Amino acid sequence: MKKLWTSFVDWVVITIGKIHWGYKDGLTVKELSEVRNLLIPNYYIILTHRKNHLSTFFVGLASWVLTGKWSYWAHALMNLEDEVKSDNDFRLIEATGNGTHYSPFDLVFRVHGVVLLKPKNMSAEHWTKVMDKANTELGKPYDSLFDLRNDQRLSCVELVRSALMAEPDYEKNFANFEAMIKSRKNLTPEMFYECDDFEIVYEVRH
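Residues numbered from 1 in each chain as written. Predicted model: local features only at pLDDT ≥ 70, side-chain atom pairs only at ≥ 80, totals over all residues. Heavy atoms only, no water.

**Re the side chain of Ser 103**
One can find Ser 103 in strand 4 (residues 99-103). On the basis of relative accessibility, which here comes to 5%, the residue Ser 103 falls in the buried class. There is a polar contact of 2.4 Å between the side chain of Ser 103 and the side chain of Glu 94. With residues near it in sequence (within four places) discarded, Ser 103 still touches Leu 92, Glu 94 and Val 108. (Helix = DSSP H or I, 4+ residues; strand = E, 2+ residues; numbered from the N terminus. Buried < 20%, exposed > 50% of the residue type's maximum accessible area, 1.4 Å probe, protein only. Polar contact = N/O pair within 3.5 Å; in protein donor to acceptor, adjacent residues only side chain to side chain. Contact = heavy atoms within 4.5 Å.)

**A look at the layout of surface pockets**
In this model, the second largest pocket occupies a volume close to 150 Å³. Taken together, Pro 41, Asn 42, Tyr 43, Tyr 44, Lys 118, Pro 119, Lys 120, Met 122, Ser 123, Ala 124 and Trp 127 make up the full set of residues lining the second largest pocket. Among the residues forming the lining of the second largest pocket, the class breakdown is 7 nonpolar, 2 polar and 2 charged. (1 Å grid on protein atoms, 1.4 Å probe; cavity = no way out; pocket = protein on both sides within 12 Å on 5 of 7 lines; lining within 4 Å. Points joined across faces, edges and corners; volume = space filled by probe spheres on them. Nonpolar A, V, L, I, M, F, W, Y, C, P; charged D, E, K, R; others polar.)

**Concerning the packing of aromatic side chains**
Applying the stated rule across the entire model yields 11 aromatic pairs. An angle of 45° between the planes, with centres 4.7 Å apart, marks the rings of Phe 105 and Phe 109 as tilted. Phe 109 matches Phe 105 in its accessibility class, with the two residues each being buried. Measuring from centroid to centroid gives 4.8 Å for Phe 177 and Phe 192, while their planes differ by 40°, and the two rings are tilted. Residue Phe 177 is located in helix 8 (residues 175-184), and its partner Phe 192 is located in helix 9 (residues 189-194); the two are separated by 15 residues in the primary sequence. Accessibility expressed as a relative area gives 0% for Phe 177, which makes it buried. The exposure class of Phe 192 is buried, given its relative accessible area of 0%. (Phe/Tyr/Trp six-rings, centres within 6.5 Å; stacked < 30°, edge-to-face > 60°.)

**Some remarks on the pattern of salt bridges**
The final tally for this structure, using the stated rule, is 9 salt bridges. The partner of Arg 161 in a salt bridge is Glu 178, and the shortest N-O contact between them spans 2.9 Å. Here Glu 178 lies in helix 8 and Arg 161 lies in helix 6 (residues 156-164), a separation of 17 residues in the sequence. Look at Arg 161 and you get buried, because its relative accessible area is 13%. Through salt bridges with shared partners, one network takes in Lys 133, Glu 137 and Lys 140. (Salt bridge = Lys/Arg side-chain N within 4 Å of Asp/Glu carboxyl O.)

**Some points on unusual backbone geometry**
Positive phi values are uncommon outside glycine, yet Lys 185 reaches one of about 65°. Mapping Lys 185 onto the fold places it in the loop between helix 8 and helix 9. When its relative accessible area of 68% is taken as the criterion, Lys 185 is described as exposed.

**Comments concerning the confidence of the model for the protein chain**
Mean pLDDT over the protein chain works out to 87, with 83% of the residues at or above the 70 mark. Across the protein chain, the element-wise mean pLDDT spans from 53 in helix 1 (residues 2-18) up to 98 in strand 6 (residues 198-205). (pLDDT = per-residue confidence, 0-100.)

**With respect to the pairing of strand 2 (residues 75-79)**
Of all 5 residues making up strand 2, 5 are buried, and the element is well covered by its neighbours. Side chains of strand 2 alternate between two faces, with His 75, Leu 77 and Asn 79 and Ala 76 and Met 78 buried alike. Pairing between strand 1 (residues 45-49) and strand 2: 4 bridges, direction antiparallel. The residue of strand 2 that forms the bridge with Ile 45 is Met 78. (Pairing = 2+ DSSP bridges.)

**A look at the sheet that holds strand 1**
The sheet built from 6 strands is open, its strands ordered 4-3-2-1-5-6 with antiparallel pairing. Single-partner strands in this sheet number two, and they are strand 4 and strand 6. Averaged over all adjacent pairs, the angle separating strand axes in this sheet is 25°, with direction ignored. With respect to the sheet, helix 6 is in contact with strand 1, strand 2, strand 3 (92-96), strand 4, strand 5 (113-119) and strand 6, its orientation differing from that of strand 2 by roughly 40°. (Axes fitted to C-alpha atoms, helices over the stretch in contact; angles between N-to-C directions.)

Below, the structure written as structure tokens:
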């Protein structure tokens, strides 16, 4: 019965994730250039918002149920690239209905809002451990049940949290974040944005 329920939920989540309509009035050429210039020398947690995706509404609704607040941010991912000479060199890792995978720059940032977040207390050298951990998650199926206890299936926020937990001082440097998760008993993209453990480096909304 549990397997049947999981399969049904998978179908619902994946179906909703595929429903979208015409894209317009998204990031400008200037804003896309600003994002590129920030990503090339640095690593960030990236949150995005798409007005033209039905899943954005359901993420907002889930956040309202969990926290009493509607969530603007609907998706989370990370950048892991080394040298970048063109958009093809970006390594943007995310978990979607297709599982954990890399996505191209032009698809990831075909959005109406983006924010780049940087952990306030994590040293630059520890990013290597975080990136290595994120890469080990490639290929894992999507967690449509949003179960933080199951690391064999990952949602977008679970992927980012799993990678961050490779930071040697995670419990200390992300204490506020973990307290927030414990209090709300789950994790949404908006919680990264709200948490004091992260610094907003760049933000744009349309």
